[in-house]
Every structure is written in structure tokens, then in C-alpha cells.
Amino acid sequence: MTTTTSTSTRNATVNGVVWWALAACHDLDPETFYPLDLAPRSDAVRRARRVCTGCPVLPECLADVMASEDPGRRWGIIGATTPDERTALYARQRTTAGDGTGVAA
Ligand code: SF4
């Protein structure tokens, strides 16, 4: 799979197609990914993660949410991660980058 990234992660393409058009969740009920119970091992989270882990654009999705999501308003299962997991990932990226940009090289 070839990924070409343009200036925006939203416009990144996979084999010439914008990544989100290939999303496994494209035709699914959004409620699947926004459960009330966000405990990492809850049935609802497991269901959403199962879809994400089989998604052909998981890396693009996770990159996009990490670049665009308001850290103070994380919600839902996106890119197979819970809001708490993305908060931790964001903190690790900031530590790794070490340049104040919040973006790991
Ligand atoms: S990784 Fe999950 S949330 Fe992201 S596009 Fe794929 S199915 Fe949707």
C-alpha cells in the first residue's frame, strides 16, 4: 500500500484515493465508535477496536486524529484508540519531539 501525504492529513491518499473513503467504518453506525462506556476492555470498546484493527487506513486515521483533535475534547474510539490512549500518545509524541512542536519527527 502506497501512502502519499499532501499538506493536510485529511487529504492524505492511499493508492490515489483519499484515505477516509476507504475507512472500514464508512457505512457503519457512528454510535459504534462513540460508546458511553469508554473503559478500554468494555464490550463496546472492543467492538469498535475490532473494526479499526481490520481497517486498511488505520495509520492514516490515527495520524489525522492526532494532528487535528483538540486535546481537551477527545471523544470516541478513533484509530483503535480510546481518548485516554490518545492523550497518552500525544504526551509521548511531545516528549519524543522535544522541540515544542508536539510533532514527533
Ligand atoms: S481506524 Fe477505525 S475510526 Fe479510523 S477510519 Fe478505520 S474504522 Fe474508522
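You'll find the structure just up there.
Scope of this entry: the structure provided in the associated data block.

Our next topic: the overall build of the protein chain. Scanning the protein chain from N- to C-terminus turns up 3 helices and 3 strands. Helices (α) and strands (β) of the protein chain occur, in sequence order from the N terminus, as β-β-β-α-α-α. Of all 105 residues assigned to the protein chain, the portion counted as buried reaches 15%. Contacts in the protein chain between residues far apart in sequence, at least 24 positions, make up 43% of those at least 6 positions apart.

The subject of this paragraph is the site of the ligand. Taken together, 13 residues form the shell around the ligand, and within it Ala23, Cys25, Cys52, Cys55 and Cys61 come nearest. Going through the elements one at a time, α1 (43-53) and α2 (58-68) are the ones with two or more residues in the shell around the ligand. In terms of residue class, the shell around the ligand is made up of 12 nonpolar, 1 polar and no charged.

Calculation rules
- Residues numbered from 1 in each chain as written.
- Predicted model: local features only at pLDDT ≥ 70, side-chain atom pairs only at ≥ 80, totals over all residues.
- Helix = DSSP H or I, 4+ residues; strand = E, 2+ residues; numbered from the N terminus.
- Buried ≥ 20, exposed ≤ 12 C-beta atoms within 10 Å, placed from the backbone.
- Contact = placed C-beta atoms within 7 Å.
- Near = placed C-beta within 6 Å.
- Nonpolar A, V, L, I, M, F, W, Y, C, P; charged D, E, K, R; others polar.

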